[in-house]
Each structure stands twice: as C-alpha cells, then as structure tokens.
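So the chains spell out like this:
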Amino acid sequence: MYILIDGIASRYEYEKLARVFFPDQKMNESESSDPDALRIEVRWQDRELSSRLKLGESEFYDEVIAPEDKADDKNYCELTIAQLLCKQLIALTGFNPPWGLLTGIRPMKLLRMLTREYGKEEAERRFKDDYLVSDKKIALSRRTIIGEDKILSLSQDNSFSLYISVPFCPSRCSYCSFVSQSVEHAAKLIPEYTELLVKELKITADIASSLGLHLESVYMGGGTPTTLSAEQLERVLTATADYFDMSDIKEFTVEAGRPDTVTSEKLAAIKRSGVGRISINPQTLNDDILRSIGRRHTVAQVYEAMDMAKAAGFDNINMDLIAGLQGDTLESYMHTIDGVIALAPASITVHTLAMKRSARLVTEHMAAYNAEGLLAAQMLDYGEKRLTESGYDPYYLYRQSGMVGNLENVGWSKPGYEGVYNVFIMDETHTILAVGGGAVTKLKQPHVNNIERIFNYKYPYEYISRFDEMIDRKKGIKEFYDQFC
C-alpha cells in the first residue's frame, strides 16, 4: 500500500485507520508506479481539511473548511480529516467498521474519559457522531463500563497487581503472537527458569514492601503455566504467597489454559497455594478446528479438565473462546457457545481472531475479507444473546490490531465473578509489577496517564543467561516512585 500524508504530524493514526480496511497491506512511504497501489493523501492547510483516496479507476475527494475558532485545534482538525478518510474507505470497500475510527486497544478508557468530561449522554453522542461507532457497539460499551467501574473503584493510590509469566506451551497455536516456547524445544530450561522466577519474586516483593505498595490481584499467565509440573507450580505459587502480603488481595488467578496440561495433581497444588480462580481455555468445541489451529487437546479433554477442576474445589473458573477461527461456521460456533454455557463456568471470555499479517493482497479478496468479518460479527451477536440470557454480563472489553471484522474481545461473567486483574491491566489503573520471561512491568503514576515500562528479556534462555542484568533494571521501580513520593 502507498500512503502519502502532507502537512500532518500524526501520520501513524491514518495508517492505523487504513489497516482496518486493508489489514494485510504493506505501507510504502515513497512514490510508487504500481497501478494497483492505494494512494491516500490527507492535508491540513490553514482552515482547509481534505482527504483524497485513489485506487485504480476509483477516486474520492472531500474537504471541509474548519471554523475560525477551530483552525488551530489539532484534535478537531485531525479528527475531521479521519472522518473524511473513513467515509471514503467505506465507500471504496463496502466495509463499515463497527468501531468506526477507533483503532486503539482501549475504547472503554476513551468512553470513560469523555463521560467524566461531558457526561454520559454527550460521551455516547461523541462516540457515534465524532468517532462513527455503531449503535450496537455503543450499547455494548454502555453495559461493559458499568462492570468495569465497579472494579476500578477498588484501586487505591498505592495499589498494584502482580503478573507472573510462564512462557512455555505444549505447542504453538497458529494464531498466537505471544512470546512462548514449545516445551518440546525448551523443556530442559524449565527447572532453572523456575528457580530464577522464585528469586525474582522475592526481589520484587522486597521492592514493593519497601515502597508501601498494596497488592490487589495476582495473575499467572503465559504461555501455559500448567506446562510446569505440580511441584514446580506449587514452588512458584507458594513463594508468591510467602513473599507478598496477600492479606487483602481481590483475586489470585492461574491460567490452566490448555486442557491437555491439566491434571488432578496440578489442580490440587494450585488450590493448596491459595489460588481462587483458574482459566481453562477450549477456544472451540470442534475437534477438527482444534487440530487445524495447532491445539493438541480434544473436546473430550475440555470436559475432563472441567470435571477435575470442580472436583478440586474451584468454583471460579473462566473459559476462553475465539470467534472467527478458520473453518469455523456459525452453526459450529453456536454449538461451542451453547456447550460452554452448559458447563456453567463463572466467566467466559470471548475473543475475536486477530489475523497475522501476510503478503496476500486484500484488495483482491475484499469480498472474502468482508464475509469473514460478517461471520465473526454474527458469532459475537449470537454469543452476546446467549450469554445475556444465561445470566452473564460484560465486564471488560479490549481490541487488537488486525481483528477479523474490526471487532473486539469481551469478558463475560456471572455477578461477583468478574476478572479483577483483567480490568486493572486493560484500564491501566495502577502499577503492574511483572516477573518472568517476556514480562513487562508497567509503572503508573496516580491520577495521571504517565506510564513507564521495564522490560524483562523475552525468551527463557535470555531470561536465564542475563538474569542479573535484568534484575538490575528493577531499580527503576524505586526510581520511578521516588519522583513523586
């Protein structure tokens, strides 16, 4: 794809908007003689705001004259140009993105900010008229923000949450973009990784204690933490409970994501360590699709894992699903939703497939792309209907780039079983202290949007070989808090 932006500083936002419609295309900053290249030119010159779009024989041009009092208003002018470009892209492709201009991960955070500034009705009007968000997504946002706000009110100025990363999986899923290592290739690293993880937990706990930080939630994810043995799991989880003040936490979650890694022994170890919430993630109840996406478990193992979890005493179980998986049909997805609801987990997180970039020309396959998005939207609509009927409410929502149909991921729960950590991390409510390979500590200054990040090494072999160097970075936590305490 060729995109030219003159007179505009924030080129990146227009690139992101173009990717909503052409998710697989490459951006090219130089002139191109390719007749099939998409050319986008947006301009802001004095009060003249314009957008020109050309692809083959199709060409669109629109302009707006900004009011005199808005001529120097960067937000107004760039938003107006984005509206022009979005409407042209809709006319070109026939695809009307349900989230309109919004390309960010956190639409609820924007809605909350607008509500604080303008009130509920005006915030929703701006979502519709300014950002071109559909009525259906505004209604979903309205429901979701109620659940989020209840959780956000629990956080204090000195609050933090803890993330523990276990970047190992039984196999790599075809859609996965997380940093994780197949156990087949990295099993020999796990014992040393586990011991260093415990060491990092102690160091991090000492820092948190010295700063007087208050722990709200703990989340062990990955990867698949249950690739660890029962003994290794208990070692890490017991160390967490020993090192940190757990007296007032709202939630302690472990991802037991792959049903084929779940055993009675592991569940017992997790339960003994004080964990109250686990996640068992089938993604689909269709064995053919599980095989095609690289999941090595079966539907039968999903049911076995749920039976074992309930027998171990877990009543707060989340299950993850994905809409839009290749080969899935509406009927098959309806079977999955109905089957998972019948298992009565406390919460169900419905993800939409986020596509990997490839070299194919989306312009040649726009009809197929639109059909994929329409199917995924129908899947989400059915899920929303059935989950609502079954007593689940949406409590958090986020988005990713390249999502099929420009849709969203939504956490649904029965009342009182909302995933607290999920809301804190998505809203960027407070500091997240993170340990393990690929983990990112996010330091949040209270009452402002200032966030600083401290990165751990991504891969287990780097985490092990450069552990001391990585730990030295943890000094940045105290340095951050010393700035304003």
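To describe a pair of aromatic rings, one takes the distance between the centres and the angle between the planes. Per the stated rule, a full pass over the model turns up 13 aromatic pairs. Centroid distance F160 to F244: 6.4 Å. Interplanar angle 45 degrees. Geometry classified as tilted. Taken together, the positions of F160 in strand β5 (residues 159-166) and F244 in the loop between α8 (230-243) and β9 (251-255) put the pair 84 residues apart, joining distant regions of the chain. Among the residues examined, F244 registers a relative accessible area of 6% and is labelled buried. Consider the rings of Y163 and Y219, whose centres lie 6.3 Å apart with planes at 15 degrees: the pair is stacked.

Right, let's talk about the nonpolar core for a bit. Formed by 95 residues in total, the largest nonpolar core has its most connected members in F127, L162, I164 and I278. Here the element with the most residues in this core is helix α7 (residues 190-210); it accounts for nine residues. Those residues in contact with I278 that lie beyond four places of it in its chain are V254, L267, I270, A309, F314, N316, I317 and N318. Counting 23 residues, the second-largest nonpolar core is a separate cluster that includes I40, L49, L55 and F95.

This next bit is on the pattern of salt bridges. For the structure on display, the rule yields 34 salt bridges. Residue K16 is joined to E13 by a salt bridge in which the shortest nitrogen-to-oxygen separation is 3.6 Å. Taken together, the residues span about one helical turn, with K16 and E13 both in helix α1 (residues 11-21) at a distance of three residues. Classification of E13 as partly exposed rests on a relative accessible area of 39%. Its salt-bridge partner being D338, residue R386 comes within 2.9 Å of it at the nearest N-O pair.

It is worth spelling out the packing of α7 against α8 at this point. The packing of two helices is summarised by the inter-axis angle and the distance between the axes. Closest axis-to-axis distance for the α7/α8 pair is 9 Å, and the angle between their directions is 5 degrees. Judged by the inter-axis angle, α7 sits roughly parallel to α8. Between α7, through I190, P191, T194, E195, L197, V198, L201, K202 and A205, and α8, the contact on the second element is made entirely by Q232, R235, V236, A239, T240 and Y243. Tallied by class, residues from the contact of α7 with α8 come to nine nonpolar, three polar and three charged.

So, about unusual backbone geometry. With an omega of 10 degrees, the peptide bond running from G222 to G223 counts as cis. Relative to the helices and strands, G223 is located in the loop between β8 (214-222) and α8. Look at A344: it is not a glycine, yet its phi comes out positive at around 55 degrees. Given a relative accessible area of 41%, A344 falls into the partly exposed group. Its identity is not glycine, yet N406 carries a phi of approximately 55 degrees, on the positive side. Its place among the elements puts N406 in the loop between β13 (393-398) and β14 (409-413).

Definitions and limits used
- Residues numbered from 1 in each chain as written.
- Predicted model: local features only at pLDDT ≥ 70, side-chain atom pairs only at ≥ 80, totals over all residues.
- Heavy atoms only, no water.
- Phe/Tyr/Trp six-rings, centres within 6.5 Å; stacked < 30°, edge-to-face > 60°.
- Helix = DSSP H or I, 4+ residues; strand = E, 2+ residues; numbered from the N terminus.
- Buried < 20%, exposed > 50% of the residue type's maximum accessible area, 1.4 Å probe, protein only.
- Core = buried A, V, L, I, M, F, W, Y, C linked by side-chain atoms within 4.5 Å.
- Contact = heavy atoms within 4.5 Å.
- Salt bridge = Lys/Arg side-chain N within 4 Å of Asp/Glu carboxyl O.
- Axes fitted to C-alpha atoms, helices over the stretch in contact; angles between N-to-C directions.
- Parallel < 35°, antiparallel > 145°, perpendicular 65-115°, else oblique.
- Nonpolar A, V, L, I, M, F, W, Y, C, P; charged D, E, K, R; others polar.

Nothing here speaks to function; it is geometry throughout.
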